Structures are given as structure tokens and as C-alpha cells.
Amino acid sequence: MTTRNLLLGLVAIITTGLWSCSSDDPVEVSVPSTYSFQRDGSSTVSYSGQTQRLDMIAEMTSYGKGGTSEMLDEQKLLDMFRNENSPFSDADLNQTGDSRKQIANKLYGQGDGSTPVDGGATQTYFENIIKDLAAASLANGNEAGNGTAGTLTSGSSTYLVNENGFEPVQLLEKGLMGALLFHQGTNVYLGPEKLGVSGTELKDEKNYTTLEHHFDEAYGYYELPTDMSKFDDMGANKELRFWAKYTYSANGTDGVGYDIANRIHDAFSTARACIAAQYDHQGEDIDCSYEDAISTVKEEWELVVAATVIHYINSAKGQLTDQGALSHSLSECVGFLQGLRYANAGNGKMSNADVDTVEALIGSNLWEVVPANLDSAIDKIVSKYPALSDVKDQL
């Protein structure tokens with residue numbers, strides 16, 4: 001099946017972009033099976049800026065993981081964070097000026113997407129992780145212990161941890177997946193400001209509208225394959241990254257219990273088809289609302305975050321006698337956990353107090369984990385995400 005013809009919604013609000021027109025014989029909106037949209041023979045999909053920010057996080061993380069054997073340059077990491085002084089080996093990522101693409105200015109807490117302004121707290125949180133990572137690398141010749149930074153091994157893997165057993169590079173990478181990718185992809189580009197722009201006029205000299213472009217940028221932060229028939233093979237071959245990678249891990253009967261990956265992709269595609277119809281079928285009667293599809297993307301993406309946190313707590317429960325593996329899993333867990341703070345512009349299913357409770361149950365010192373508390377942490381999360389209740393033990 002190459003397309004799915006959908007007749008969606010009757011009610012719409014033109015001023016917000018959530019619109020529809022109705023008649024006795026409305027235009028049917030075709031939703032392609034791939035995230036591919038064209039106009040006059042050329043693609044209207046564009047999200048290169050999002051790919052660049054994902055590349056920045058990937059390179060910064062790769063450099064940080066080298067701290068197990070090399071002393072890391074704190075200033076270089078901070079330069080990567082703010083894209084200053086040409087820090088990236090990929091020259092295309094190195095930019096200058098106030099409009100340069102960077103990580104720091106896209107984090108949660110800066111007022112974009114109707115989110116609160118946190119006075120720089122989120123940026124400072126990550127700057128402190130970066131400093132902790134660089135400081136821990138100075139002790140990479142030590143065998144880590146309670147109160148002593150250094151390295152831990154588990155099988156063939158080596159991890160750099162701080163004095164409390166946390167792996168800073170995991171707190172950094174997984175934390176940025178929430179504070180930047182999840183935040184920008186949902187709160188900002190699927191928020192009222194970015195969706196409240198024109199869908200009936202082309203952007204500058206482009207062949208897409210501003211509304212189409214904003215929506216594509218949300219899609220770019222998830223980075224699912226445009227052709228989902230390739231998703232399973234790409235996941236098995238470790239060709240996915242960031243949220244697409246962890247959606248693959250959470251997908252299906254062994255994960256959340258259903259095909260959440262295609263549900264998210266179909267919602268993205270459905271909404272994008274409705275948005276394209278605003279321009280392509282001007283003056284025609286169309287029944288097409290993308291509000292429900294956008295809600296699906298936001299809700300399912302948040303569920304992936306919660307499911308991934310539970311997954312790493314479950315992993316830790318089986319690693320209590322392997323400190324290296326335990327520190328690795330719980331560091332990933334705590335990094336992902338921060339993402340739940342940012343859901344729905346700070347009004348997600350878990351409040352900051354709820355996240356603090358889970359974090360306290362995990363503990364501030366991974367050398368002193370209380371096994372029973374890990375079960376309590378899972379139960380706390382499931383109480384807010386009851387859809388995970390029946391699958392919490394298999395995640």
C-alpha cells in the first residue's frame with residue numbers, strides 16, 4: 001500500500017492552523033507511507049538544522065567517551081556545547097555569529113515553546129556535567145571506588161565514573177536527548193507559536209510553507225527513517241541513533257506491547273499531509289485536522305521516554321553485583337529521567353517533584369543503591385503512565 005486515504009476531523013480553527021473545510025464532497029487527503037512530500041517535482045521536506053544539532057551531540061558524546069583513556073579538555077567540551085572556537089572535527093558544524101547553530105541555546109528553560117524561563121538552570125546543569133566529565137578523566141588511571149573517581153570495567157566495556165559512581169558522559173548524552181531533542185521536537189516545533197504561522201504562502205523563495213518547515217523540524221529531532229519499512233533492519237544493524245534508536249528498543253510486544261514506532265511515524269505523516277493540503281488545495285473543500293495526530297506524537301514520545309527509564313532500572317536490578325554495569329545503566333536511567341521534567345512544556349504526567357522522588361529512590365551515590373528502592377522507582381513511574389503497567393517487567 002503506497003498511500004492511506006484519510007478523511008479527518010470536521011472542526012477546525014483557521015487562526016491557529018488547525019483547520020478544515022467541509023462540503024458534501026470534500027477533498028480526500030492522501031497520506032504517503034513514507035515521510036515524503038513533493039511539490040512541482042521537488043521535495044518540500046527540510047530539517048538539515050536538526051540533523052546538524054544531532055551531529056553536534058554525537059561528536060561531543062564520542063569525544064567524551066574517550067575519557068576512559070584520555071584526559072579530556074574541559075574548554076573543548078564547553079566550546080562544543082556553545083559552538084565556539086571551531087570545536088568540531090566536522091567542519092560543517094563549526095559556525096560563528098549570533099545565529100550559529102549550537103546546543104546550549106536550544107535547551108529547555110529559555111522561554112521558547114511556551115515553556116518557563118529557568119534563569120539558566122538547565123544550561124548550568126549541563127555545564128556542570130561537562131566539568132564533572134573532564135575532571136573525572138584526570139583520574140582515568142584509577143580504579144574507581146566509593147568516593148573515588150576513575151574507571152570501572154564490565155566484561156569488555158570500560159566506563160568513566162565520578163566519585164559517586166555516575167557516568168557523566170551518559171548523563172550528558174541522555175540528558176540532552178530530553179532537554180534539547182524531546183523539548184524542541186514537542187514543546188517548540190509542535191507548540192502554538194511554531195504551528196501558528198502561514199500554511200498558505202511559500203517561505204521566501206522555497207517550495208515549502210513556513211508551517212511545513214516548522215513541522216519538518218519537529219520530525220527531524222526524532223530522526224525516524226523516512227521509510228519505516230527499513231526501521232527494523234536499521235535497528236538490528238545499529239544504524240539508528242538517539243530517539244529512533246531507543247524507540248526501536250521499546251517497540252513491539254517485547255517492549256511497550258505495540259508498534260509504537262509506526263504509530264509515531266504515521267502520526268507525523270498524517271499531520272504533515274494535512275499541513276501540505278492547506279497550500280495545495282487552497283479554495284477547495286477539505287476535511288483535515290492535524291490536532292489529534294500532533295497529540296499522538298507528543299503523548300507517544302513521552303511514553304517512550306518513560307519506558308526507557310524503566311528499562312534501565314530493570315537492567316540495573318540484574319546488575320547489582322557488577323558495579324560497572326550498574327553505574328552505566330543507572331547513569332543512563334537518570335539522564336533519560338530528566339526528559340520527563342520537560343514534557344508538555346513542564347506540565348507532563350510527572351511533575352518535577354515526581355521526578356525528584358524517583359531520582360531520590362535511585363540515590364545520589366550509585367555505590368550505595370538500595371535494591372528495593374528500584375522497584376519503588378518503577379512503581380512511581382507506572383503510577384503516572386498506567387499504559388506501562390502490564391509491560392513494566394519486560395521493558
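Predicted model, so just to flag it, every value in this text is computed and none were measured.

1. Structural notes on the pairing of strand β6 (residues 157–161)
Part 1 of the argument: Both strand β5 (residues 150–154) and β6 contribute to a ladder of five bridges, which runs antiparallel. The partner of Thr151 across the bridge, within β6, is Leu160.
Part 2 of the argument: Hairpin connection from β5 to β6: two residues lie between these consecutive antiparallel strands, with Gly155 at a positive phi of about 60°.

2. Section: the confidence of the model for the protein
Part 1 of the argument: When the pLDDT values of the protein are averaged, the result is 93; 94% of them are 70 or greater.
Part 2 of the argument: Counting contacts from residues 1–23, a segment whose pLDDT is below 50, to residues more than four positions away or on other chains yields 65 contacts.

3. As for the pattern of salt bridges
Part 1 of the argument: As enumerated under the stated definition, the model contains 18 salt bridges in all.
Part 2 of the argument: Arg100 is the salt-bridge partner of Glu84, the closest N and O atoms lying 3.4 Å from each other. With a gap of 16 residues between them, Glu84 in the loop between α2 (74–82) and α3 (121–137) and Arg100 in the loop between α2 and α3 connect regions that are remote in the sequence.
Part 3 of the argument: Exposure remark for Arg100: the relative accessible area of 14% places this residue in the buried category.
Part 4 of the argument: A salt bridge links Lys392 to Asp379; its shortest N-O distance comes to 3.0 Å. Linking Lys392 in the segment after α14 (371–384) with Asp379 in helix α14, this pair joins segments that are 13 residues apart in sequence.
Part 5 of the argument: The class of Lys392 is partly exposed, set by a relative accessible area of 22%.
Part 6 of the argument: Look at the salt bridges and you will find they share partners, linking Arg39, Glu212, Asp216, Arg272 and Asp280 into a network.

4. With respect to the state of the cysteines
Part 1 of the argument: The final tally for this structure, using the stated rule, is one disulfide.
Part 2 of the argument: A sulfur-sulfur separation of 2.0 Å characterises the disulfide bridge that pairs Cys274 with Cys288. A torsion of -90° about the S-S bond marks the disulfide between Cys274 and Cys288 as left-handed. Remark: Cys288 occurs in the loop between α9 (260–280) and α10 (291–317) and Cys274 occurs in helix α9; sequence separation between them is 14 residues.
Part 3 of the argument: On the accessibility criterion, Cys274 (1% relative accessible area) is buried.
Part 4 of the argument: The class of Cys288 is buried, set by a relative accessible area of 1%.

5. Some thoughts on the packing of helix α4 (residues 168–188) against α10
To characterise two packed helices, one gives the angle between the axes of the helices and the distance between these axes.
Part 1 of the argument: Put simply, α4 and α10 touch, their axes get as near as 10 Å, and they point 165° apart. Judged by the angle between their axes, α4 and α10 are roughly antiparallel. Like other packed secondary-structure pairs, α4 and α10 cross with a definite hand, here left-handed. Only Lys298, Trp301, Glu302 and Val305 of α10 make contact with α4, whose side of the interface consists of Leu181, Phe182, Gly185 and Thr186.
Part 2 of the argument: Here the residues of the contact of α4 with α10 sort into four nonpolar, two polar and two charged.

Thresholds, definitions, all that
- Residues numbered from 1 in each chain as written.
- Predicted model: local features only at pLDDT ≥ 70, side-chain atom pairs only at ≥ 80, totals over all residues.
- Heavy atoms only, no water.
- Pairing = 2+ DSSP bridges.
- Helix = DSSP H or I, 4+ residues; strand = E, 2+ residues; numbered from the N terminus.
- pLDDT = per-residue confidence, 0-100.
- Contact = heavy atoms within 4.5 Å.
- Salt bridge = Lys/Arg side-chain N within 4 Å of Asp/Glu carboxyl O.
- Buried < 20%, exposed > 50% of the residue type's maximum accessible area, 1.4 Å probe, protein only.
- Disulfide = S-S within 2.5 Å.
- Axes fitted to C-alpha atoms, helices over the stretch in contact; angles between N-to-C directions.
- Parallel < 35°, antiparallel > 145°, perpendicular 65-115°, else oblique.
- Left-handed = near helix turned anticlockwise from the far one by under 90°.
- Nonpolar A, V, L, I, M, F, W, Y, C, P; charged D, E, K, R; others polar.

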